[in-house]
Amino acid sequence: METIEIEVFRYQPEKGSDPAFQTYEIPLNKDWVILDALNHIKDHIDGSLSFRWSCRMGVCGSCGMVVNGKPVLTCATFLEKFAPGPVRIEPLDNFPVVRDLVIEMSDFLDKLQKVKPWIIREEEGSTEEEYLQTPSQLADYKQYSMCINCMLCYSACPVYGLEPGFTGPAALALAQRYNMDSRDQGNRDRMEALSDDTGMWQCTFVGDCSAVCPKNVDPAGAIQRYKVEGATHWWKTLLLPYGKDR
Amino acid sequence: MKRRAEPFWWSLFGAGGVMSAMFLPVLLLFFGFAVPFGWIDVPAYEGLRTLLDMFLVKLLLFAIVALSFFHWAHRFRFTLYEGLQLHRFSRTIAFLCYGIAILLSVFACYVMFVL
Ligand code: SF4
Ligand code: FES
């Protein structure tokens, strides 16, 4: 059977060695995705290799890695695409590495919290009450709700790489997911939190986040729309200083 | 809510992007290629002058030119600030970039409305 070389980023802090690439030769199975290749290595060649995965079907968002320089979901990327090889597999960019291909994601989780990703009501209704929504109201935000938190967009975003404080693509898109939900009334709260120096204005519209997103969330588009809203809000409070918005 | 300048500069940047994308290619094609290469007859000076004497035309031209400066300023500011990693000078950079855009706009205003 044909084989292919896989170069895997290895970092094992307990051994005190520097990060390095280790090469494995594995069968080039036409049915395999990159994640299958990694599992083959782990099961048959080197049990010490660490990486995250769970669903194997592009839903859980835990298997994101950089393959030949591009952030991808390894369970949704075929190995054969890279024949004759070699294939280089690295952890996601812009995050600290815990071990091998496993990154430390607490910064991302903090940022998700920051955008208040839940439905905010000015007054809580009774728990019996239902908030109905028409299909077109659902369509307004549905695209932004498809995010699986895979962090590929953070790996691709040069601004996040340079400015670790930047709220980042997925979190800003998530803010829009709630802002545009007809049941939500938290737009103002979020605007306040996301108009600071680490929020939407730090985005320079490079667009790489949308290019790598496996779910077509289009975070870049979400942020541009948010900026238009932010700017409109700014002019409104300037021109109508006694408006309700102040 | 604390007022920040960022949305203001971004509005000018956005408006400048729209203006320059919409008008500059046509203007450049017309006055930069079509006229000098003789693809069309050179428009009569009198005609152009009359057109330019209309206040709305002046205003439009001024808006295209001035907003394009601000578009440049915003882009260039981020290029310096992030591209060259000059964080320490972020205020100076902003001051210089927008300052240049303001000066050039004042000059454009002078050319358009005073001269
Ligand atoms: S926006 Fe797309 S790339 Fe970013 S975390 Fe969500 S699914 Fe992944
Ligand atoms: S393993 Fe769940 S998205 Fe790849």
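Here the structure is a predicted model, which means the values were calculated and not measured.

Definitions and cut-offs
Residues numbered from 1 in each chain as written. Chains lettered and ligands numbered in written order. Predicted model: local features only at pLDDT ≥ 70, side-chain atom pairs only at ≥ 80, totals over all residues. Heavy atoms only, no water. Helix = DSSP H or I, 4+ residues; strand = E, 2+ residues; numbered from the N terminus. Rg over C-alpha atoms; globule rule 2.2 N^0.38 Å. Buried < 20%, exposed > 50% of the residue type's maximum accessible area, 1.4 Å probe, protein only. Pairing = 2+ DSSP bridges. Axes fitted to C-alpha atoms, helices over the stretch in contact; angles between N-to-C directions. Contact = heavy atoms within 4.5 Å. Domains from an automatic or database assignment. Buried area = accessible area lost by both parts, 1.4 Å probe. Polar contact = N/O pair within 3.5 Å; in protein donor to acceptor, adjacent residues only side chain to side chain. Nonpolar A, V, L, I, M, F, W, Y, C, P; charged D, E, K, R; others polar. Salt bridge = Lys/Arg side-chain N within 4 Å of Asp/Glu carboxyl O.

Draft legend 1. How the structure looks around the overall build of chain B. Helix and strand content of chain B: 4 helices and 0 strands. Starting at the N terminus and ending at the C terminus, chain B contains elements arranged as α-α-α-α. Against the compact-globule benchmark of 13 Å for 115 residues, chain B has a radius of gyration of 17 Å, which places it well outside the compact range. Judged by the C-alpha coordinates and their principal axes, chain B covers about 55 × 30 × 25 Å. Sorting the 115 residues of chain B into buried and exposed places 30% on the buried side.

Draft legend 2. Here's a closer look at the sheet that holds strand β3 (residues 64-67) of chain A. All names here are of chain A. One open sheet accounts for 5 strands, arranged β2-β1-β5-β3-β4; its pairing is mixed. Of all the strands in the sheet, the pair left with one neighbour each is β2 (20-27) and β4 (70-73). Adjacent strand axes in the sheet meet at a mean angle of 35 degrees, parallel and antiparallel pairs treated alike. For strand β1 (residues 3-10) and β2, the ladder comprises 8 bridges, and the chain directions are antiparallel. Within β2, the residue paired with Thr3 across the bridge is Pro27. Each of β1, β2, β3 and β5 (87-90) is contacted by helix α1 (residues 34-45), which is oriented at about 95 degrees to β2, the strand it contacts most.

Draft legend 3. Inspection of the domain arrangement of chain A at higher detail. Residues and elements named next belong to chain A. One can read the domain layout of chain A as domain 1 (3-103) and domain 2 (106-245). On the side of domain 2, 15 residues touch domain 1, which itself brings 15 residues to the contact. Both faces combined, the contact of domain 1 with domain 2 buries some 1,100 Å², and carbon together with sulfur accounts for 65% of it. The largest per-residue losses of area from domain 1 upon contact with domain 2 belong to Pro71, Asn94 and Phe95, which jointly make up 46% of the total buried on that side. Across the contact surface, domain 1 and domain 2 share 5 residue pairs in polar contact (both at pLDDT 80 or more). Those elements that provide at least two residues to the side of domain 1 that touches domain 2 are β3 and β4. Partitioning the side of domain 1 that touches domain 2 into residue classes produces 10 nonpolar, 4 polar and 1 charged.

Draft legend 4. Structural detail: the interface of chain B and chain A. Opposite the 15 residues of chain B that make contact, chain A presents 22 residues. Carbon and sulfur atoms supply 59% of the area buried between chain B and chain A, which totals about 1,800 Å² over both sides. There are 0 salt bridges connecting chain B and chain A. Our count for the contact surface shared by chain B and chain A stands at 1 residue pair in polar contact (both at pLDDT 80 or more). Put simply, the parts of the chain that give the side of chain B that touches chain A at least two residues each are α1 (6-34) and α3 (55-83) of chain B. Examining the composition of the side of chain B that touches chain A, we find that 5 residues originate from one element, α1(B), more than from any other. A breakdown of the residues in the side of chain B that touches chain A according to their chemical character gives 6 nonpolar, 3 polar and 6 charged.

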